[in-house]
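The primary structure of each chain is shown beneath.
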Amino acid sequence: MRLLLLICLFPVQVMAQNFSVREISTWEKQSKKVTIIRDNWGIPHIYGKSDADAVFGLMYAQCEDDFKRVEFNYIEKLGRMAEVKGKDVLYDDLLIRLILDQKDAKADYQRGPAWLKQLCNAFADGINFYLYKHPEVRPALLTRFEPWFPLLWTDGSIGAISIADISMNELKAFYGGTPDLSKVDLPAEELTTGSNGFAIAPSKSASGKAMLYINPHVSPYFRPEVHMVSEAGLNVYGAVTWGQFFIYQGFNSFCGWMHTSCYVDAADTYIEKITPAANGWQYLYDGKQLPLVKKPITIRYSNGTSMESTTIEGLYTQHGPLMARRNGQVLSMKADNRIMNGLIQCWQRTRANSMAAFEKTLALQGNISNNTVYADAAGNIAYWHGNRIPKKDPNFDWTKPVDGTTKVTDWNGLHPISETVHLINPPNGWLQNCNSSAFSVAGANSPDPGKFPAYMAPDKENFRGINAVRTLSEENAYTIDKLIAAGYDRRLPAFEILVPALVKAFESSVLPEDSLFAYLAGPVAVLKQWDFKSTESSIATTLAIEWGQKILPAINGIQSMADEESDIVHKTKYFAAHAKPAALLIPLYTTILELQQKFGKWQLPLGQINRFQRISNDLDLKFDDNQPSLPVGFVTSTWGMLPAYVSFPFPNTKKRYGLHGNSFICAVEFGPRIKAKSLLAGGESGHPESKHFNDQAAMYAKGEFKEVLYYREDVQKHAEKTYHPGE
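Remember, it's a predicted structure, so these values are computed and weren't measured experimentally.

(A) Region of the structure containing the pairing of strand 26 (residues 665-669). Across the five residues of strand 26, five count as buried, placing the element largely inside the fold. Side chains Ile665, Ala667 and Glu669 project from strand 26 onto one buried face, and the interleaved Cys666 and Val668 project onto a second face that is buried too. Both strand 26 and strand 27 (residues 675-679) contribute to a ladder of five bridges, which runs antiparallel. Bridged to Ala667 within strand 27 is Lys677. The hairpin turn running from strand 26 into strand 27, its antiparallel successor, is five residues long, and Gly671 in that turn takes a positive phi close to 155°.

What follows is the structure, given as structure tokens:
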């Protein structure tokens, strides 16, 4: 009877979540060492005794704001999406399980430095404490988070997973036994959604202090805005990817950093010579026949009413997993998609207190996929193109699969950062990168491409890079507001090339008596008078982007150019110079007909059809023309738009809604006292009932920033709620 009574008195949360009394007691004690202050925008400012306490509070706050996204990111990295979404994503799970080894992640956790284990423990404890305190929350799959999870996901980038040029169709065909490889996903021509990073030296700022502009382009709710402080010296502000315990793009009292994705060749495909053997399969390497390594991978998947499983035998050479069969050749893939030094680097840079300390974190070479734009309180600005760059034989074309049978194609260690493409304190006083060429970061003062192997910086130029160089060159006394204005430059340089070609084609080939004249005379006149700036009220912008989408395949398809001129800028110039009138005019005619069919007229200001809307927190965003939305005067970065806004019409909508582009944006001025302004898509909270779900939406649509509250006295003046985790 006494045992029964104890069971009845035992908290229901403990039984539901399978957390021990000892764990809960430990969490309760740690929560008292953490204070969370939510400011008037709902931004969590987390204060802890130790760094681990700050991590504990950060994870608890993330779960408060959007547990769904925290959980999903780890369901994905564990290769367990099919358990939630069904068999359709089975091969997505297979990909993850082929390239991210959970045994290695667990081993790294066990052998990692004590301080890192403490942070990983705090990561798991903060999330699990949230689940214990919120039994009403029903996880889709993960009812307990483990401290080794962060060692699966050691890079905060949206492109943290690299599989070289392998496509999902190829992977499915190889492991699914599908013989038809005629439909192959080709890699994208360019990172059109990318990110922007600017750094301004004291010589170009009104205050004589260095400045940084942080502008990642991701899906709108990919990262929240947070602030972490500990009595051990941590004080870092910025954007954190849901589920990670380090601020990925941000600043502390001494320095700031912005990462932009790049094409640095840190993942390669190898052509393997596979032959049958008595006990299976073997591959040729360095004159020897070696056995393929086999790893059975069991993947569970939901069929709607129950859970089923299938086992696929993963195959590996010394390069890595076999991934595809292309042109009769079997391809393996080599990459470092998970590395403990990456996680260490991500944390230690948040504590860097000088340029030397920051460079020390770069020397860990754990940043797999990104560039770094940097500025600090000492007045330094700097740029590093990539970070973890393998040494390779420059005689091979590493953009294509290379011979895997010879050790000549092996990676030979890593380039030290002193050998990578980088630039520190250029005389022009500014730096930029927009997922563009490493050799235009400082205009005429950029690094010389002839001094580096091609695989180190294969990135091509794009129109955002062109626009950034032009824009940053036009101001000599930057303030925070002027830096924000530069980041929101509305010019579209691609159309400065394309529209004159269109006008010329119309005026030289379409006569008043032609049937096309009546349809195109008005639109061409509007475009001819356009200043090439994107605004809410611009009819010309609507015409240009709708027309541009129709001619873009022809531009990207241009192949008859020297490789060094195969970027989108040179292709656009070539197309404008050589396209026949019909190739320019017929797409505009089609555009006019489509706009008239959908909206009854073609004279549509951009903001009338280009909208921002947040009506649910579903992982797959929902949009509805009948629900409230806001006009947006920004367009896709393809055309050179710096404040990128990638929008589409959906099957159930006529208007276009944003799916990608500006997310967290921040302008920082360093000095004895930090000054900063920021902006977040929609709002901090993922709960539609919260006032912070959409309180920044109107500001986001217009590019209006809020003051960053970095010092505790300022945070407390604007405090909306102060509490310990669990209260």
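(B) Up close: the nonpolar core. In terms of nonpolar packing, the biggest core is built from 100 residues, with Val55, Leu98, Phe123, Phe145, Tyr175, Met228 and Phe245 touching the most fellow members. No other element matches the 14 residues that helix 4 (residues 51-77) contributes to this core. Beyond its immediate chain neighbours, meaning those up to four positions away, Leu98 contacts Leu171, Tyr175, Ile297, Gly314, Tyr316, Pro321 and Met323. By size, the runner-up hydrophobic cluster in this structure holds 74 residues, among which are Phe463, Ala540, Ile568 and Leu588.

(C) Up close: the sheet that holds strand 12 (residues 288-291). The strand order 10-11-12 describes an open sheet built from three strands, whose pairing is antiparallel. Each edge of the open sheet is held by one strand with a lone partner, namely strand 10 (274-277) and strand 12. Averaged over neighbouring strand pairs, the angle between their axes works out to 40° when direction is ignored. Bridge analysis of strand 11 (residues 280-285) against strand 12 gives four bridges, and the strand direction is antiparallel. Each residue of the ladder has a partner; that of Tyr283, found in strand 12, is Leu290.

(D) Expanded view of the environment of His217. Position of His217 relative to the elements: it lies in strand 4 (residues 211-218). By relative accessible area, which is 1% here, His217 ends up buried. Put simply, His217 and Gly683 are 466 residues apart on the chain and 16 Å apart in space, counted from C-alpha to C-alpha. At a separation of 3.1 Å, a polar atom in the side chain of His217 contacts the side chain of Asn215. A distance of 3.3 Å separates the side chain of His217 from the side chain of Asn662, its partner in a polar contact.

Cut-offs and rules
Residues numbered from 1 in each chain as written. Predicted model: local features only at pLDDT ≥ 70, side-chain atom pairs only at ≥ 80, totals over all residues. Heavy atoms only, no water. Buried < 20%, exposed > 50% of the residue type's maximum accessible area, 1.4 Å probe, protein only. Helix = DSSP H or I, 4+ residues; strand = E, 2+ residues; numbered from the N terminus. Pairing = 2+ DSSP bridges. Core = buried A, V, L, I, M, F, W, Y, C linked by side-chain atoms within 4.5 Å. Contact = heavy atoms within 4.5 Å. Axes fitted to C-alpha atoms, helices over the stretch in contact; angles between N-to-C directions. Polar contact = N/O pair within 3.5 Å; in protein donor to acceptor, adjacent residues only side chain to side chain.

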